[in-house]
Amino acid sequence: MTDVATDNNNLPDPYGIRKNLTSGQVATNVQEQLHHVTRTKRGQVMGLRGGFRGCTIWFTGLSGAGKTTISFALEQYLCFNGIPSYSLDGDNMRTGLNKNLSFTPQDREENIRRVGEVAKLFADGGVVCLSSFISPFNKDRDTARKLHKEVGLPFYEIFVDTPLEICEQRDVKGLYKKARAGLIKGFTGIDQNYEKPVDPEITLYAGKDDIDTCVQKMVSFLQSKGIIPESAVNNVKELLVPADHRESAMAEAEKLDTLNISKLDLQWVQVLSEGWATPLTGFMREREYLQCQHFNCLLDTGTVNQSVPIVLPVQTEDKERLENSSGFALTYEGKRVAIIRTPEFYPHRKEERCCRQWGTSNEGHPYIKMVMDSGDWLVGGDLEVLDRIQWNDGLDEYRLTPNELRAKFRKLGADAVFAFQLRNPVHNGHALLMNDTKRRLKERGFKKPVLLLHPLGGWTKADDVPLATRMKQHAAILEEGVLDPASTVVAIFPSPMMYAGPTEVQWHAKARMSTGANFYIVGRDPAGMPHPEGSKDLYDHSHGRRVLTMAPGLTQLEIIPFRVAAYNTKKKAMDFFDPENKEDFLFISGTKMRSLARSGDHPPDGFMAPKAWKVLSTYYQSINQ
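Residues numbered from 1 in each chain as written. Predicted model: local features only at pLDDT ≥ 70, side-chain atom pairs only at ≥ 80, totals over all residues. Heavy atoms only, no water.

Draft legend 1. Summary view of helix 19 (residues 501–513). In a regular helix each residue adds 1.5 Å, so 13 residues correspond to 18 Å; helix 19 covers 19 Å between its end C-alpha atoms and thus fits that length. With 13 of 13 residues buried, helix 19 lies mostly within the body of the structure. (Helix = DSSP H or I, 4+ residues; strand = E, 2+ residues; numbered from the N terminus. Expected span 1.5 Å × (residues − 1). Buried < 20%, exposed > 50% of the residue type's maximum accessible area, 1.4 Å probe, protein only.)

Draft legend 2. Structural detail: helix 11 (residues 263–274). In this model, helix 11 (12 residues) spans 17 Å end to end at C-alpha, consistent with the 16 Å of a helix rising 1.5 Å per residue. One or two residues past the end of helix 11 sits G275, with phi positive at roughly 95°.

Draft legend 3. Representation of the packing of aromatic side chains in the model. Under the counting rule described, the total for this entry stands at 18 aromatic pairs. Ring geometry for Y176 versus F187: centroids 5.0 Å apart, planes at 80°, classification edge-to-face. Remark: F187 occurs in the loop between helix 8 (175–180) and strand 5 (202–204) and Y176 occurs in helix 8; sequence separation between them is 11 residues. Judged on exposure class, the residue Y176 and its partner F187 are both buried. Both rings, one in W268 and one in W507, keep their centres 6.2 Å apart while their planes meet at 50°; by these two values the pair is tilted. Here W268, found in helix 11, pairs with W507, found in helix 19; they are 239 residues apart in sequence, far enough to count as distant. Members of the aromatic cluster, each reached through a chain of ring pairs, are W268, W276, F493 and W507. Its guanidinium or amino end placed over the ring of W377, K319 lies 4.2 Å from that ring's centre, counting from NZ or CZ. For the cation-ring pair, R563 lies above F576, with the distance from its terminal atom to the ring centre recorded as 3.8 Å. (Phe/Tyr/Trp six-rings, centres within 6.5 Å; stacked < 30°, edge-to-face > 60°. Lys NZ or Arg CZ within 6 Å of the ring centre and 35° of its normal.)

Draft legend 4. Broad picture of the sheet that holds strand 2 (residues 85–89). Reading across from one edge, 2-3-1-4-5 is the order of the five strands in this open sheet, with parallel pairing throughout. Every interior strand has two partners, whereas the edge strands, strand 2 and strand 5, have only one. Sheet twist, expressed as the mean angle between neighbouring strand axes with direction ignored, is 20°. With five bridges joining them, strand 1 (residues 55–60) and strand 3 (residues 128–132) adopt parallel strand pairing. Bridge pairing in strand 3 places W58 opposite S131. (Pairing = 2+ DSSP bridges. Axes fitted to C-alpha atoms, helices over the stretch in contact; angles between N-to-C directions.)

Draft legend 5. Quick peek at the environment of G590. Examined against the element boundaries, G590 turns out to sit in helix 21 (residues 590–599). The spatial distance from the C-alpha of G590 to the C-alpha of N424 is 9.5 Å, given a sequence separation of 166 residues.

Draft legend 6. Representation of the environment of A486. Tracing the backbone through its elements, the reader meets A486 in the loop between helix 18 (467–479) and strand 16 (488–490). Accessibility expressed as a relative area gives 51% for A486, which makes it exposed. Considered as a pair, A486 and R341 are 145 residues apart in the sequence and their alpha carbons are 44 Å apart. Excluding its chain neighbours within four sequence positions, the residues that come into contact with A486 are L412 and K448. (Contact = heavy atoms within 4.5 Å.)

Written out as structure tokens, the structure reads:
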């Protein structure tokens, strides 16, 4: 590329700026890098965490070192945890603001100068600006740092120290190959020197460490600098007694007074112990209960969505027996399972609770009936669970905790996790929505999106398909390749089902955030059911997905809205409904599906994978006998 020294008027123009402004793009071999965080999502979280956090994080290193990959992953972490951030990428800048600059030393200097000025503006606006540039010269990086220092803005230089041989092996853009062949001149690391940072704030070894490790190292660093507040750190609060304290805790529990709990209560103990309801430290105290009931959020550590109360009802005689104790043990079927510390008893205002949570206190609703039949008091307190809850039903291997799921996603190399919650069998319409979500995420630049297929495994009403049957049906779906087994994780969500519509669906979404999921597919009438006194639905079928897009404390999660799918009689497959050709579509209701299964008949080809249908049909025919 030619370094133009003057413009048409023979005035000094050392960088060729004026001439290049009137011409096309000078820099070639650059590609636009797609952001993982949408403008809508960025707007939602702007200012969610109080305090000024503006700064520039400057990633430097060879081409292919992993600068942009780490920057985008960190940007996603920050934005999904309520901290506004934006990634400036070298290729993106050279296709826009700096498209008139070449790769001569002078133009490279001007490129970095402009980027430094832009980064300073972002930082001054309270945004964490993540700049990913080779920026091979120390003096240019020092200039960017000086720009920030002069106006009192933090600037952190991050050296992504990936060896040249690894960068060449990666060579995602094919630039090293071209440089070795002499097709690109002045390529950093080949025929132009790269000056390593003298004293970077952090060095990342992206040649041997995975992306998650690099991001977590950056998170720890930014936390130490006060950029990331404690409340934004993405930790799961497990309430299991540590292994080295278990023996002493068991011995103590044997000496404590006891409170016998139900199977439903034990399911909530499991939910709490595994960290699904982080940051709760146990069953809700009255302050937390009031926040939940009136605001659908916990407010003491920032705005954390918690739309359903997780409470422990007790009878009056138990309250009077235990209210002066500093702690007592919870027992289930004669076994001590947990200790509640510093208990707090308060009235169980059942009608108010039900009206706020369900919008009705009609006891024809099965969960409301259980609430009305429970104790007149609630007890909250810090919970210490003695052993991991096991149900010994052959399905415990699927009951993965949030931390175990995070580890599994890391092992799979997931750069996006999209969750689908269900309490029903999977038909091909569901699969269509899940596969379409995966396709759209890839179009947005994600390389390895992973599906969390997460059936609800706690209490459900009597006419729902049992968990064991649903798990067999899901296994058949994967076996037949309707969903990709290599990028799908099937696990059981331990929560009971409350059938509380839009209020409950917020809980379902919030709980999946603890697994590291950043996308959530919401279906039609999520967590709904028919009205106890008639054929109409208890909740509007669209309210669940609409509420999720507005709910406080869920901005870290991007909601994938439900698209109506029906059986396309021409394609003989499930397809997204097209109102223009509505005569081609057949809607197969749940009632119709159950009727076909009970009678041993088959649905139209393409409605459900044959092996999966066989599982469902066998179950319904067995309950007919």
